[in-house]
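Take a look at the letters that make up each chain.
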Amino acid sequence: MGLKTKEEYIESLRALKPTAYMFGQRLTNIVDNPRLRAGIEATGATYELAHMPEYRDLMVTVSPLINEEVNRFTLPPSSIEDLVARVKINRKVANYVATCHQRCTGLDCLSTLAIVTYDIDQKYGTSYNKNFIEFLKYMQKNDLTANAGVTDVKGDRSLAPHEQPDKDMFLHVVEKRDDGIVVRGAKAHQTGSLSSHEIIVLPTRAMGKNDKDYAVSFAIPSDTEGLIHVVGRSTLDMREIDGCDIGNIYYSKYCPTLIFNDVFVPWNRVFMCGETEFASEMVIKFSSFHRQSHGGCKSGKIDCMIGTALTLMDYNGTSKAGHLKQKVIDMIHRAETLYGCCLASSYEGKKQPSGNYFIDTVLANASKIHEGKELAEAIRLMVDVCGGFVADLPSDRDFSNPEIGGLLKKYLKGVDGVPVENRIKMYRLAEKLALESADTISDIHGGGSPEAHRVTIFRETDIESKKKAAKRLAGIKD
Ligand SMILES: Cc1cc2nc3c(=O)[nH]c(=O)nc-3n(C[C@H](O)[C@H](O)[C@H](O)COP(=O)(O)OP(=O)(O)OC[C@H]3O[C@@H](n4cnc5c(N)ncnc54)[C@H](O)[C@@H]3O)c2cc1C
């Protein structure tokens with residue numbers, strides 16, 4: 001099959017017939033819905049860049065599994081070079097789309113399953129790794145996109161899955177048949193599920209012995225019977241429906257809630273079923289990979305915010321203001337620290353028993369804590385540099401209104417030589433960068449809540465070696 005073009009990717013989605021709802025209506029045409037199309041275009045950029053001469057070397061490599069060129073978004077890492085490329089492709093694509101491109105979660109699932117299915121098979125003699133490898137070949141040969149179905153709705157957070165009054169609060173197996181399993185539950189915040197060919201499900205947390213039915217992982221096509229996508233709201237979403245005041249005129253992000261209403265999964269698509277002790281390994285591996293992907297991506301988004309701030313300084317006549325330059329420097333160092341931390345987690349990666357490579361968990365989680373706080377600070381700095389029209393710019397419909405349009409354009413003019421229309425467009429972009437909730441809130445909660453990052457750092461850090469170093473210096477012998 002080979003590498004898909006962006007157009008082929010979009011046409012391949014057209015062939016799928018998922019059950020989807022938005023604003024209370026059943027959707028019949030996903031691809032041409034302007035709200036969803038903006039998300040599909042963002043994922044489409046991962047296909048587009050793979051065909052652009054300047055990005056091809058970064059985005060495309062040969063898969064040893066199928067001996068063909070593949071998009072790196074379908075390649076579980078098998079070397080430090082692959083781990084490094086993960087960060088670089090995410091920064092590059094985010095730099096191009098300035099929002100979430102939505103394809104990293106699928107790669108993070110593939111990277112996790114390549115390691116953990118092997119480990120489960122080693123202990124139990126199961127054939128999950130064989131199932132996974134066949135699935136991976138299919139993903140690579142057809143250049144497909146997958147979504148990560150990880151976050152369960154979770155009901156009462158103080159209770160384990162089996163303790164919930166409603167047992168469906170965590171996705172679980174409700175029936176085992178000769179030909180497969182039937183699952184029920186719901187996954188929340190499913191970034192780009194309708195831009196994906198496949199939904200990969202992993203458990204959302206560590207599981208105890210009584211949670212056997214909840215320790216389940218599998219992949220199914222996004223239009224499988226019983227699967228219902230309900231697209232969530234995001235600030236500014238009506239702008240895309242309306243076709244007005246869009247800001248980032250090409251790309252956007254959406255996150256459905258995904259209901260699994262007794263969905264059948266054939267055995268050859270199951271990657272874990274009941275091996276509770278491996279649920280935590282899956283969660284740690286996936287979330288670390290994903291937190292690192294975030295850092296690569298968000299450093300690319302800050303690049304776009306820096307470009308927006310600098311351009312508006314030019315348009316506003318403030319490009320020589322020293323305090324604004326300092327603020328831009330503060331944005332740059334935040335992007336580069338984030339990028340550096342993600343790269344470091346790749347360079348410190350280690351080979352796993354399956355032969356695949358895994359990043360350094362502590363550095364990956366440190367990068368996510370940095371992102372959660374510092375992206376908000378970068379947005380604050382961008383808004384400070386750009387000015388108040390990030391908040392309340394009149395609509396394009398007012399600018400084109402014959403009664404007031406001329407007056408508005410007169411009063412919104414910045415420096416001479418820059419068309420007022422350009423200044424208006426740049427403010428609209430700044431608004432989108434700062435206020436698109438589906439993207440900016442993922443800086444905090446994407447890949448797990450901030451506390452999850454902190455807990456992982458403490459658990460994975462070599463605490464004893466630090467105490468030993470301190471005791472040696474103080475002359476204490478235990
Ligand atoms: C924009 C966006 C995109 C996302 N994309 C995806 C995706 O593609 N796929 C996917 O699977 N997930 C996705 N997520 C989900 C993300 O991983 C979760 O939002 C995150 O794990 C937090 O879970 P929650 O939203 O259920 O909040 P909660 O778990 O309810 O957390 C809220 C707060 O309560 C705390 N808390 C929760 N439980 C406990 C407890 N037992 N004890 C103490 N404190 C607790 C948390 O630390 C947090 O501070 C996305 C999220 C967002 C916002």
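Residues numbered from 1 in each chain as written. Predicted model: local features only at pLDDT ≥ 70, side-chain atom pairs only at ≥ 80, totals over all residues. Heavy atoms only, no water.

A.B. asks: Even after reading the chapter, I still don't get the packing of aromatic side chains, so can you show me in this structure?
C.D. replies: The description of an aromatic ring pair uses the distance of the two centres, along with the angle that the planes make with each other. Taken as a whole and judged by the stated rule, the model has 10 aromatic pairs. With centroids separated by 5.1 Å and ring planes inclined at 80 degrees, the aromatic side chains of Phe289 and Phe358 adopt a geometry described as edge-to-face. With Phe289 in helix H8 (residues 279-316) and Phe358 in strand E14 (residues 357-358), this residue pair connects regions lying 69 residues apart in the sequence. The class for Phe289 is buried, based on a relative accessible area of 0%. These aromatic residues form a ring-pair network of at least three members: Tyr96, Tyr250 and Tyr251. The lysine or arginine in question, Arg91, covers the ring of Tyr339, its NZ or CZ lying 4.4 Å from the ring centre. (Phe/Tyr/Trp six-rings, centres within 6.5 Å; stacked < 30°, edge-to-face > 60°. Helix = DSSP H or I, 4+ residues; strand = E, 2+ residues; numbered from the N terminus. Buried < 20%, exposed > 50% of the residue type's maximum accessible area, 1.4 Å probe, protein only. Lys NZ or Arg CZ within 6 Å of the ring centre and 35° of its normal.)

A.B. asks: When you look at empty space enclosed by the protein in this model, what are you seeing that I'm missing?
C.D. replies: With a probe scaled to a water molecule rolled over the atoms, the places where space remains empty come into view. Going through the model one piece at a time under the given rule, you end up with 1 cavity of 30 Å³ or more. By volume, the largest cavity is sized at about 40 Å³. Tallying contributions element by element places helix H4 (residues 80-97) first for the lining of the largest cavity, with 3 residues. Among the residues making up the lining of the largest cavity, the classes are represented as 4 nonpolar, no polar and 3 charged. (1 Å grid on protein atoms, 1.4 Å probe; cavity = no way out; pocket = protein on both sides within 12 Å on 5 of 7 lines; lining within 4 Å. Points joined across faces, edges and corners; volume = space filled by probe spheres on them. Nonpolar A, V, L, I, M, F, W, Y, C, P; charged D, E, K, R; others polar.)

A.B. asks: I would appreciate a short explanation of the site of the ligand in the present structure.
C.D. replies: Neighbouring residues of the ligand: 20 residues in total, closest Thr151, Lys154, Arg157, His189 and Thr191. Take Ala148: an N or O atom from its main chain is 2.8 Å from a nitrogen atom of the ligand. Here the ligand loses 66% of its free accessible area of 960 Å² to cover by the protein chains. Among the elements of the structure, strand E5 (146-149) and helix H16 (442-445) are those that each provide at least two residues to the shell around the ligand. (Near = heavy atom within 4 Å. Polar contact = N/O pair within 3.5 Å; in protein donor to acceptor, adjacent residues only side chain to side chain. Areas by Shrake-Rupley, 256 points an atom, 1.4 Å probe, with all protein chains shown as cover.)

A.B. asks: When you look at the domain arrangement of the chain in this model, what are you seeing that I'm missing?
C.D. replies: Often, the extent of an interface is quoted as the loss of accessible area on bringing the components together. By domain assignment, the chain separates into domain 1 (6-273) and domain 2 (282-462). For domain 1 versus domain 2, the distance between C-alpha centres works out to 24 Å. Opposite the 55 residues of domain 1 that make contact, domain 2 presents 45 residues. A buried area of about 4,200 Å², summed over both sides, lies between domain 1 and domain 2, and 63% of it is on carbon and sulfur atoms. When residues of domain 1 are sorted by the area they lose upon contact with domain 2, Val87, Arg91 and Ile115 head the list and together hold 17% of the total. Summed over the shared surface of domain 1 and domain 2, the result is 6 salt bridges. Taken together, domain 1 and domain 2 are joined by 31 residue pairs in polar contact (both at pLDDT 80 or more). For the side of domain 1 that touches domain 2, the secondary-structure elements that each account for two or more residues are H4, helix H5 (104-124), helix H7 (237-242) and strand E12 (270-273). A breakdown of the residues in the side of domain 1 that touches domain 2 according to their chemical character gives 29 nonpolar, 15 polar and 11 charged. (Domains from an automatic or database assignment. Contact = heavy atoms within 4.5 Å. Buried area = accessible area lost by both parts, 1.4 Å probe. Salt bridge = Lys/Arg side-chain N within 4 Å of Asp/Glu carboxyl O.)

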